[in-house]
Amino acid sequence: MGKSLTAWFSLSHVLAGFVAVLVGYTSSAAIIFQAAAAAGATPQETASWFWALGVGMGLTCIGLSLRFRSPILTAWSTPGAALLVTSLDGVPMAEAIGAFLFASVLLALAGFSGAFERIMRHVPKTLAAAMLAGVLLRFGIEVFTALSANAALIAPMLLCFIVARRLLPRYAVPLTLLLGLFIAAGQGAIYLDRIEVDWAVPVFTTPVFSLPALIGVGLPLFIVTMASQNVPGLAVLRVNGYATPASPLIGWTGMTGVLLAPFGGFSFNLAAITAAICMSPDADADPARRYRAAVWAGVFYLVSGLFGATVASLFAAFPHALVMAIAGLALLGTIGNSLAAALADEGERDAALVTFLVTASGIALFGVGSAFWGLLFGLLTAFVSRRRSAS
């Protein structure tokens, strides 16, 4: 019994779980903070968002990993959060919560019904990738907008990121963030008085279901989460030799979102990049024991969620240029991969380009955001192109 208990405290498992959570937070927590701000969240509501996300990821990592004896690492939807930054402007918090709940219900239904692959078959991967690239484009641009506003801070961060991507790609974002914090501290731009070490208090918001918000926020959030998070997340599992059934994984992460959406848990899904950390030989030489690293990641997620108020106050203490730059740099790889996937098929290139441009334009019609219109115009373009080719 003692030996079995000791095995759970293997340093490699603990470190792999901690690094996975560290990378997850440093690479995209800034985007969550921006998404909450776009929704007009108060400091208490922002802390509740981090509480819900941390608790949800912690419970699903621990529960699913123990149930299937596989390293199941879950995450918030980073592209989904980026979409929220661009689409929640002017949307009341209650309607935003209603859209989160709607997207999570769709995820749960898609998982438990086994319709995951059938639904995604109707949305060409090129168009889903183009929509994602359009949503994320502004983040990449804002890195260089921040560069012009504060070159002394952003230029060294950019150089560090480029070098680290070459030498230590897994740690490029954390290293860049550390350098940015060091420089910002030297500039006197970090406001330590704003940092509060405190427990997060969940804030319940009664959801309101508005058709424009459901179509303009909820539906794109569902599509982006499925296409850009769950698909690669499942692929990482398969590549590493884990034949864990997809349906319960998608279903339970979706159900977690249903329960935690009223507190700000906008979306839960399978992780890909951070999951790879827990599936590597560095976590454990034996693939059958690597699930313990994912369980430890869940423990660290739970702790970070319980201290959600502290996490939220940390980002409030950072200079805006730093937050924008680290978010944009963290998403550069995703933007590049999305554009490459969007334009890979010459036959669907026109449709993908239309999707990308309409989404990136930020156009809003009838109160519905640009992500939906980008996908709609792209699908129409693809349909016309196929008819023309057939004739």
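Above this text sits the structure in question.
Cut-offs and rules
- Residues numbered from 1 in each chain as written.
- Predicted model: local features only at pLDDT ≥ 70, side-chain atom pairs only at ≥ 80, totals over all residues.
- Heavy atoms only, no water.
- Core = buried A, V, L, I, M, F, W, Y, C linked by side-chain atoms within 4.5 Å.
- Buried < 20%, exposed > 50% of the residue type's maximum accessible area, 1.4 Å probe, protein only.
- Helix = DSSP H or I, 4+ residues; strand = E, 2+ residues; numbered from the N terminus.
- Patch = residues over 30% accessible without salt bridge, like charges linked within 9 Å, V, L, I, M, F, W, Y side chains within 5 Å.
- Areas by Shrake-Rupley, 256 points an atom, 1.4 Å probe, with all protein chains shown as cover.
- Salt bridge = Lys/Arg side-chain N within 4 Å of Asp/Glu carboxyl O.
- Axes fitted to C-alpha atoms, helices over the stretch in contact; angles between N-to-C directions.
- Left-handed = near helix turned anticlockwise from the far one by under 90°.
- Nonpolar A, V, L, I, M, F, W, Y, C, P; charged D, E, K, R; others polar.
- Phe/Tyr/Trp six-rings, centres within 6.5 Å; stacked < 30°, edge-to-face > 60°.
- Lys NZ or Arg CZ within 6 Å of the ring centre and 35° of its normal.

### Considerations on the nonpolar core
In terms of nonpolar packing, the biggest core is built from 121 residues, with Tyr25, Trp49, Leu73, Leu88, Phe100 and Phe266 touching the most fellow members. Here the element with the most residues in this core is helix α2 (residues 11-38); it accounts for 13 residues.

### What about a nonpolar patch on the surface?
On the surface, a nonpolar cluster with roughly 660 Å² of combined accessible area is contributed by Leu159, Val163, Leu167, Leu168, Tyr171, Leu175 and Leu178. Take the nonpolar patch: its biggest share by element is three residues, from helix α8 (residues 151-167). Along the chain, Leu175 turns up in helix α9 (residues 172-186). Among the residues examined, Leu175 registers a relative accessible area of 34% and is labelled partly exposed.

### Digging into the packing of helix α7 (residues 125-149) against helix α15 (residues 320-342)
Interaxial distance between α7 and α15 falls to 7 Å at its minimum, and their mutual angle equals 145 degrees. Seen along the crossing, α7 lies across α15 with a hand that is left-handed. Of the residues that constitute the contact of α7 with α15, the class distribution is 19 nonpolar, five polar and two charged.

### A look at the packing of aromatic side chains
Under the criterion given, the structure shown has twelve aromatic pairs. A centroid spacing of 6.1 Å and a plane angle of 40 degrees characterise the contact between Tyr25 and Tyr301, whose relative ring orientation is tilted. Pair noted here: Tyr25 is in helix α2 and Tyr301 is in helix α13 (residues 291-306), with a separation of 276 residues, a long-range link. Among the aromatic residues, ring-to-ring pairing joins Phe18, Trp296 and Phe300 into one connected group. The ring of Phe68 has Arg67 lying over it, and the distance from NZ or CZ to the ring centre is 4.8 Å.

### Topic: unusual backbone geometry
The phi torsion at Arg69 lies on the positive side, around 50 degrees, for a residue other than glycine. Mapped onto the elements, Arg69 comes out in the loop between α3 (43-68) and β1 (74-76). On the basis of relative accessible area, Arg69 is assigned to the partly exposed category, the value being 47%.

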